[in-house]
Amino acid sequence: MTNDLQLPDGFSLVAYDHIDSTNEEAKRLALDHAPHGTIVLARSQEAGRGRRGREWVSKPGNLFCSFIVRPDCPLSEAAQLSFVMAISVANALVKTLSENGAKPIIQCKWPNDILIDGKKVAGILLETASGSQSNLEGVIAGIGINLQHFPAQTEFPATSLSDHGAVNVTVPAVLEIVCDLFAKWYVIWQTEGFQTIRSAWLDKAYGLGSPVSARLASETISGLFETLDPQGAMIVDDNGSRRHIAAGDVYFDETILQHVV
């Protein structure tokens, strides 16, 4: 399915019919010195996962892949890659759906989801392949995109490109677009810094200015989603107190957002 795949300069593909997890294989390859731009693609996964170890249903027909990225940045800034990939995937879906005559609202939900009309269509999982507290050797950016199907029983409503008119979309076609856009936005991030990435992400932010609850390990913070800070943390206005949330599960008031999305 990938014989005619056209990738940007500096990118290469390792494809499997079936694998445990593209992220795990990308880690193995990264530790074996696979170069920046190596992409691991699988038709299906038996141990696909999202954030915090949640299962990612990985049946054939959807896109499952992981990028090996070796950025020139300290470990503390590596999480910004999630936003770089989110913008790339979101814009790839805009392009794909518009080519199929559809114009739904595509947004980025903090910290790592892409939504179509308020329903999850894609997720991003960022993991380090190796590194120390101060130096970064490699990052794995895994993405899953629902092209043809999606799980019915999920905590957050899900959807697929097929459900929005792109019934004949293929894995290679979407991957090509994602790669082209990631190559572009990666260079922007490396040359211009995170501020440009932050602005582009906020332009597509889901729930901006709306009530949100963030479940952390030791507490739940509720307030209004104000913006992102310069490092990508979510800023929540909690009755006048600006709380910076670097990691957590966030939940929006859907009764309010349904009038916006």
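Keep in mind it's a predicted model, so treat the numbers as computed, not measured.

**Remarks on the packing of aromatic side chains**
Scanning the model with the defined rule gives 9 aromatic pairs in all. Pairing F83 with F194 gives two aromatic rings, centres 5.5 Å apart and planes at 70°, and the pair type is edge-to-face. One end of the pair, F83, is in helix α2 (residues 80-99); the other, F194, is in helix α4 (residues 194-203), and 111 residues separate them in sequence. A single burial state applies to F83 and to F194, both of which are buried. Note on Y206 and F252: the rings are 5.3 Å apart at their centroids and 85° apart in plane angle, and the pair reads as edge-to-face. Placement of the pair is Y206 in the loop between α4 and β8 (211-215) and F252 in strand β12 (residues 249-252), with a sequence separation of 46 residues. Using a relative accessible area of 1% as the deciding quantity, one classes Y206 as buried.

**Focus: α4**
Considered for burial, the residues of α4 that qualify are F194, I197, R198, A200, W201 and L202. Contacts from the buried residues of α4 go to α2, β4 (106-109), α3 (171-192) and β9 (220-228).

**Section: the sheet that holds β9**
Within the open sheet, the 5 strands sit side by side as β11-β10-β9-β8-β12. Their pairing is antiparallel. Single-partner strands in this sheet number two, and they are β11 (241-245) and β12. Ignoring strand direction, the axes of neighbouring strands in this sheet form an average angle of 45°. In this structure, β8 lies alongside β9, joined through 5 bridges in antiparallel fashion. Its bridge partner lying in β9, A214 is registered against I221.

**So, the nonpolar core**
The biggest cluster of nonpolar side chains holds 69 residues, and the ones touching the most others in it are F67, I114, I145, L161 and W201. No other element matches the 12 residues that α3 contributes to this core. The residues touching I114, leaving out its near neighbours within four places in the chain, are A86, V89, A90, L93, I106, Q107, C108, K119, K120, V121 and A122. The next biggest cluster of nonpolar side chains, apart from the first, holds 7 residues, and it includes A34, V40, I68 and I140.

**Quick notes on the pattern of salt bridges**
Tallied over the full model, the rule gives 10 salt bridges. Residue E24 is joined to K27 by a salt bridge in which the shortest nitrogen-to-oxygen separation is 3.4 Å. Taken together, the residues span about one helical turn, with E24 and K27 both in helix α1 (residues 22-31) at a distance of 3 residues. Among the ionic pairs, D238 bridges to R243, the shortest N-O distance being 3.8 Å. Looking at D238, the relative accessible area reads 23%, which means it is partly exposed. For R243, a relative accessible area of 25% corresponds to the partly exposed category. Linked by salt bridges that have partners in common, D20, E25 and R28 make up one network.

**A word on unusual backbone geometry**
The omega angle of the peptide bond from W110 to P111 is 5°, so this bond is cis rather than trans. Among the secondary structure elements, P111 is positioned in the loop between β4 and β5 (113-116). Backbone geometry at H33 places phi at a positive 75°, although glycine is not the residue there. For H33, the position within the fold is in the loop between α1 and β2 (38-45).

**What to know about the side chain of S66**
Structurally, S66 is set in strand β3 (residues 63-69). The exposure class of S66 is buried, given its relative accessible area of 0%. Polar contacts involving the side chain of S66 include one to the side chain of T22, which spans 2.7 Å. Among the polar contacts made by the side chain of S66, one reaches the side chain of N23 at a distance of 2.5 Å.

**Observations concerning the environment of E25**
Looking at the element boundaries, E25 is found in helix α1. For the pair E25 and L41, spaced 16 residues apart in sequence, the C-alpha separation works out to 9.6 Å. For E25, the residues in contact, after removing those within four places along its chain, are Y16, I19 and V40.

Criteria and cut-off values
Residues numbered from 1 in each chain as written. Predicted model: local features only at pLDDT ≥ 70, side-chain atom pairs only at ≥ 80, totals over all residues. Heavy atoms only, no water. Phe/Tyr/Trp six-rings, centres within 6.5 Å; stacked < 30°, edge-to-face > 60°. Helix = DSSP H or I, 4+ residues; strand = E, 2+ residues; numbered from the N terminus. Buried < 20%, exposed > 50% of the residue type's maximum accessible area, 1.4 Å probe, protein only. Contact = heavy atoms within 4.5 Å. Pairing = 2+ DSSP bridges. Axes fitted to C-alpha atoms, helices over the stretch in contact; angles between N-to-C directions. Core = buried A, V, L, I, M, F, W, Y, C linked by side-chain atoms within 4.5 Å. Salt bridge = Lys/Arg side-chain N within 4 Å of Asp/Glu carboxyl O. Polar contact = N/O pair within 3.5 Å; in protein donor to acceptor, adjacent residues only side chain to side chain.

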